[in-house]
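# Summary of structural features
Below are the chains, spelled out letter by letter.
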Amino acid sequence: MSFIDAPDESPPSPSMQAPLKPAAVKRALPPDILIRIFQLLPIPSLSNVALASRRFKVLAYDDEIWDDKLRRMLDRDTGALAATLGNSGNSALMDIDKSIRINNKPLNALIPGLSTDPYSARARAKSTGQARENFKQLYIRLLPYYVDLRQKHKESQVLKDYGATPEECAKLLNMLVGFGACHVVDDWKQINEAVETLCQYFESASLHEFEVAYDVHNTTDMKTYAHALIALNGGSICIQTFVQKHPIFFDNPFNPDDNFKSSTSDLEPFKKFMSLVTEEFRQQSQVVAETFPEATDVYYMFVDRVLEDVVSDYVNNLLGIAQAHERRLYLHTISVVLDSMSQVVDVLTHEDLPRSIARDRGINLIFKLFLPFLDDYLYEEQSYVKSACDELIEEWNRDSGVRREDPSARLTNQSRETFKRNYLSAFKKVIALPVDLVSTAATTIASPFQRSNTIKAPEKQNGDSPVSGSPKSTPPSTPKVVTSVAQGDEKASPLSPKSPTSVSMHSRQSSRHSLRSPDVRSVDMKYAMHELDMMQDLLSLETVLQLIHVNKDAERRVERFIQIGFPGRMHNEIQKTYEHIFVLLLKALGNQHIVPAFDRAIEHLASYTPDTESLEQSADDVPPLTEFFEMVHVGDVIQQMVQLYYDEEISKHVDKLDFINEVNKEKKVFERVLDDCVANSMDRAIQVLLSQAQYILTNEQKPEDYNPPGDTMVDLKPTKACRDSIECLKNNTSMLNGAAEKSTMDLFFGEIGRRFAEILYKHLKTQTVNEQGGFRYISDMNAYYDFAASLRQKSVTPYFAALKALANLYIISSAPDIKNVIHDLERYHGLMKTEDLFEFAACRSDWPIVKKVVTKDMTDCSIM
């Protein structure tokens, strides 16, 4: 009997519990459980287990046990052990996942009550013995150095053999740490403490040598000890030392307060600071490449630490100073910071750099820098656009009370469309330019659109004849886009009064001066733009252009963040801000500019009443009507400008086909608002136009026009009332050509024709016509019919064709013939009843004479 089975003769201690009796096991434990138990045993105990039985020997030699020990060593490995094992570090078990299946079902599923044999299942996972062989080689190599550390007061054999080569010594120490985790000897705890002590000593000595080499810029020694420390435990303390010892963290001469000294947009100190940081990144890339292995992430850690501790602090103070000055300065500053950071990332990710950073990680650096400021920036950007739009529109509202003094100075019908096309062409070119190349909205194409009281012909230039101020002058060529070019080394400040982001009176003043500048545009262009300004009584193209420029500046600042590609929630917030800024433009144009303008136009139309004085000056000119029709043209130009801006800029980041998108929905609302304004005003405009025509007919139609004395020679030309009323209608309706869609214009012209026919019917029933005047009556009806035909409305011309047929009623002398003409209803296209025809017949001067014959046997009508 061995000493383990011998009974204990000493009496049991009252403080000690009796040992538990081993539980009786009726059936053998499965091999998987036994292997799990064996994995927890120290290596010396495994040899004893293997001597117990053949079954235990097979299980003790199983690679699953030795794979587990190799994994323990690899968990603490820094690369040396993995390089030694190569691909053999993978599991050495074969077919471990295979099982017997019939029709894709296991055997115990096919035969109820049949359980799989654990021995057979384990046998199918064959052990190759490779893991045990690999561990055996490591055991033979490392055990002497490991057990040597039992003696604490002697020099370690590791330092004796590998002290001259720090990197190899570090690799060996690292493997000894992993080797100790496998519990290779019984006193493994004591030896592991010695291994840990030796590693600490080696780490301290190597770190000291690394710091000495860093101070003298000896990259060779830095590389030696950096590699040693990385091989020992990953080198985290070495990397931290390398990053923290850089002078940029404690010797930074740049102060954010140095900015904005010479001017409000002076950011040269910041740009110099970023240039220094970028150059330092380039230098450190070379140092890192010469010092640290490529697998380490030292360069990214250094850049991240500099941006977090140095650049972020500088930028935070800089933005605080800019925000304290002015909101526009803050937005400009953050845009400059973003551009500078983008340039830094371009340098960090360039392939020619000795040690570069991946592009997505570089973007992540920008994201980390801007994350604390991004929410505030997006809010400030939207607030700035809204306030700038409000200021511009308020400024226009204050100045819009000054009306032009020469109401006759407006575009001709022939040149209006030409000028609109030229204007939109110039607008498209300006929109396509970068913001920093456009000195100001007013200087590029808006300045000649400033309101002026009179049209002055431009002066002669280079001996050329002056351009005529007549509206019939030759339409100019396509506008040229003019950009401001900086002279010398000075650049135009983006926050100066001539900047596109500047919303102040300076833009209007500078634009007025630019009109007189001979080197800005050709003479024809000045005059063409000046003429187009005559269409702006209540709506301002210059204000709209400035609004779009303010919007474009903000959109392009936000677009830079979109192009960089910030991840997650911030990407969605930036996209929403980009869309909301355009929505603010649409709301400002629609609700604050267009709707009030049309409301004022309706007020002007409602308050207008024709009078004799205006009729004597110009019968066909109705000032509020001219104002309204020209405003419709300006509204059409504004809508095309918004559409062009949307197509050229906004659609880059907004899906046109996404009908749920806020931008597309608000754009539809804007277009509907403009259409509703035009439609609501159009009825009032038609009433004013026809009241003017009716006033002309009433006041200019003389009794002798259709009832001349017998000795008077009849003039076969249309009467003055006819000519003036037609001229009034033609001149005013022709101003709407091209101002709206064809369906809208057809509806307008059709309504004009029908209402004018009603007025004409009533007017003609009040006239007295004799046989001589009947010929002039026919001449007038022909003129009215020609006007109706010019409207090109098939539903209108029959009304005037009936009047042409009716005119023959006054040149017939025979009463029976008159009666026949009245009863021939087909010639009047079914638009006149017999009662109406008798009313017109009653206008004959000889009606009392022929009445009895004409009305004879008339029992189906009532004679008035």
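The structure displayed is predicted, hence computed values, not measured ones.

Across its full length, the protein chain holds 33 helices and 4 strands. Expressed as a percentage of the 864 residues in the protein chain, the buried residues total 48%. Considering only contacts in the protein chain between residues 6 or more positions apart, those separated by 24 or more positions represent 79%.

With that settled, consider the packing of aromatic side chains. Working definition: an aromatic ring pair is given by the centre-to-centre distance plus the angle between the planes. In this structure the tally under the stated criterion is 31 aromatic pairs. Look at Phe135 and Phe179: their rings are 6.3 Å apart centre to centre, the planes differ by 25°, and that puts the pair in the stacked class. Of this pair, Phe135 sits in helix α8 (residues 130–148) while Phe179 sits in helix α10 (residues 166–180), and the two are 44 residues apart along the sequence. For the pair formed by Phe135 and Phe179, the shared burial category is buried. Here the aromatic rings of Tyr761 and Phe840 are separated by 6.0 Å at their centres, their planes lie at 85°, and the arrangement is edge-to-face. Of this pair, Tyr761 sits in helix α28 (residues 742–764) while Phe840 is found in helix α32 (residues 834–841), placing the two residues 79 residues apart along the sequence.

A few words now on the packing of helix α14 (residues 268–291) against helix α16 (residues 327–348). Geometry of a packed helix pair, given as the angle between the helix axes and the separation of the axes. Two numbers describe how α14 lies on α16: the axes approach to 10 Å, and their chain directions differ by 15°. Judged on the interaxial angle alone, α16 and α14 are roughly parallel. When the axes of α14 and α16 are compared, the crossing they make is right-handed. Contact residues: α14 offers Phe270, Lys271, Met274, Thr278, Phe281 and Arg282, while α16 offers Val336, Val337, Ser340, Met341, Val344, Val347 and Leu348. Here the residues of the contact of α14 with α16 sort into 9 nonpolar, 2 polar and 2 charged.

The end-to-end C-alpha distance of helix α25 (residues 623–648), which contains 26 residues, comes to 37 Å, matching closely the 38 Å that a straight helix rising 1.5 Å per residue would cover. The buried count for α25 comes to 20 of 26 residues, which makes it a mostly enclosed element.

Relative to the elements of secondary structure, Gln767 occurs in the loop between α28 and α29 (771–790). You can call Gln767 buried: its relative accessible area is 12%. Within polar-contact distance, the side chain of Gln767 engages the side chain of Thr766 at 3.3 Å. If we ignore the near neighbours within four places in the chain, the residues touching Gln767 are Gln701, Lys702, Tyr706 and Cys843.

Time to look at unusual backbone geometry. Positive phi, close to 55°, is recorded for His183, a residue that is not glycine. Its location among the elements puts His183 in the loop between α10 and α11 (188–215). Look at Phe260: it is not a glycine, yet its phi comes out positive at around 60°. With respect to the helices and strands, Phe260 occurs in the loop between α13 (236–244) and α14. Looking at Phe260, the relative accessible area reads 10%, which means it is buried.

So, about the packing of α8 against α10. The N-to-C vectors of α8 and α10 enclose an angle of 105°; their axes lie 10 Å apart at closest approach. Taken together, the axis directions place α8 and α10 in an arrangement best described as roughly perpendicular. Contacts between α8 and α10 involve Phe135, Leu138, Tyr139, Arg141, Leu142, Leu143, Tyr145 and Tyr146 from the first element and Leu172, Met175, Leu176, Phe179 and Gly180 from the second. Looking at the contact of α8 with α10, its residues break down into 11 nonpolar, 1 polar and 1 charged.

On the surface, Leu29, Ile33 and Ile37 cluster together into a nonpolar patch covering about 230 Å² of accessible area. Within the secondary structure, Leu29 sits in the segment before α1 (31–39). Given a relative accessible area of 37%, Leu29 falls into the partly exposed group.

Here we take up the environment of Glu671. On the secondary structure map, Glu671 appears in helix α26 (residues 662–700). Once the C-alpha coordinates of Glu671 and Gln643 are considered, the two residues, 28 residues apart in sequence, prove to be 9.8 Å apart. Look past the residues within four positions of Glu671 in its chain and what remains in contact with it is Gln639 and Gln643.

A full pass over the atoms with the stated rule returns 28 salt bridges. A salt bridge links Asp390 to Lys386; the nearest nitrogen and oxygen atoms lie 3.5 Å apart. Separated by 4 residues within a single helix, Asp390 and Lys386 lie in helix α17 (residues 359–399), roughly one turn from each other. Asp647 serves as the salt-bridge partner of Lys656, at 3.2 Å between the closest nitrogen and oxygen. A relative accessible area of 45% means that Lys656 is categorised as partly exposed. A relative accessible area of 29% means that Asp647 is categorised as partly exposed. Linked by salt bridges that have partners in common, Asp683, Glu751, Arg754 and Arg755 make up one network.

Take α11 next. For α11, which comprises 28 residues, the first-to-last C-alpha distance of 40 Å matches the rise-based estimate of 40 Å (1.5 Å per residue) to within 8%. Residues of α11 that are buried: Ile191, Ala194, Val195, Leu198, Cys199, Phe202, Glu203, Ser206, Leu207, Phe210, Ala213 and Tyr214. On its buried side, α11 packs onto α8, α9 (157–162), α10, α12 (219–233), α13 and α14. Downstream of α11 by a residue or two, His217 has a phi angle that is positive, lying close to 60°.

Along the polypeptide, Glu203 turns up in helix α11. We note that Glu203 is buried and unpaired, the nearest opposite charge coming from Arg76 at a distance of 15 Å. With residues up to four places along the chain from it excluded, the contact list for Glu203 reads Leu229, Leu232, Asn233 and Ile237.

Moving on: the confidence of the model for the protein chain. This prediction gives the protein chain a mean pLDDT of 77; 74% of its residues lie at or above 70. Considering only residues more than four positions removed or in separate chains, one finds that residues 114–124, a stretch of pLDDT under 50, has 20 contacts. Confidence over residues 403–411 falls short of pLDDT 50; this stretch has 27 contacts with residues more than four positions distant or in other chains.

Looking now at the environment of Asn699. Considering the arrangement of structural elements, one finds Asn699 in helix α26. Between the C-alpha atom of Asn699 and that of Asp611, which follows or precedes it by 88 residues, the distance is 9.9 Å.

Relative to the helices and strands, Ile759 resides in helix α28. Relative accessible area serves as the criterion here: at 15%, Ile759 is assigned to the buried category. As a C-alpha pair, Ile759 and Leu690 span 69 residues in sequence and 8.1 Å in three-dimensional space. Setting aside anything within four residues of it in sequence, one finds Ile759 in contact with Leu690, Gln694 and Leu697.

Definitions and limits used
- Residues numbered from 1 in each chain as written.
- Predicted model: local features only at pLDDT ≥ 70, side-chain atom pairs only at ≥ 80, totals over all residues.
- Heavy atoms only, no water.
- Helix = DSSP H or I, 4+ residues; strand = E, 2+ residues; numbered from the N terminus.
- Buried < 20%, exposed > 50% of the residue type's maximum accessible area, 1.4 Å probe, protein only.
- Contact = heavy atoms within 4.5 Å.
- Phe/Tyr/Trp six-rings, centres within 6.5 Å; stacked < 30°, edge-to-face > 60°.
- Axes fitted to C-alpha atoms, helices over the stretch in contact; angles between N-to-C directions.
- Parallel < 35°, antiparallel > 145°, perpendicular 65-115°, else oblique.
- Left-handed = near helix turned anticlockwise from the far one by under 90°.
- Nonpolar A, V, L, I, M, F, W, Y, C, P; charged D, E, K, R; others polar.
- Expected span 1.5 Å × (residues − 1).
- Polar contact = N/O pair within 3.5 Å; in protein donor to acceptor, adjacent residues only side chain to side chain.
- Patch = residues over 30% accessible without salt bridge, like charges linked within 9 Å, V, L, I, M, F, W, Y side chains within 5 Å.
- Areas by Shrake-Rupley, 256 points an atom, 1.4 Å probe, with all protein chains shown as cover.
- Salt bridge = Lys/Arg side-chain N within 4 Å of Asp/Glu carboxyl O.
- Lys, Arg positive; Asp, Glu negative; His and termini not counted.
- pLDDT = per-residue confidence, 0-100.

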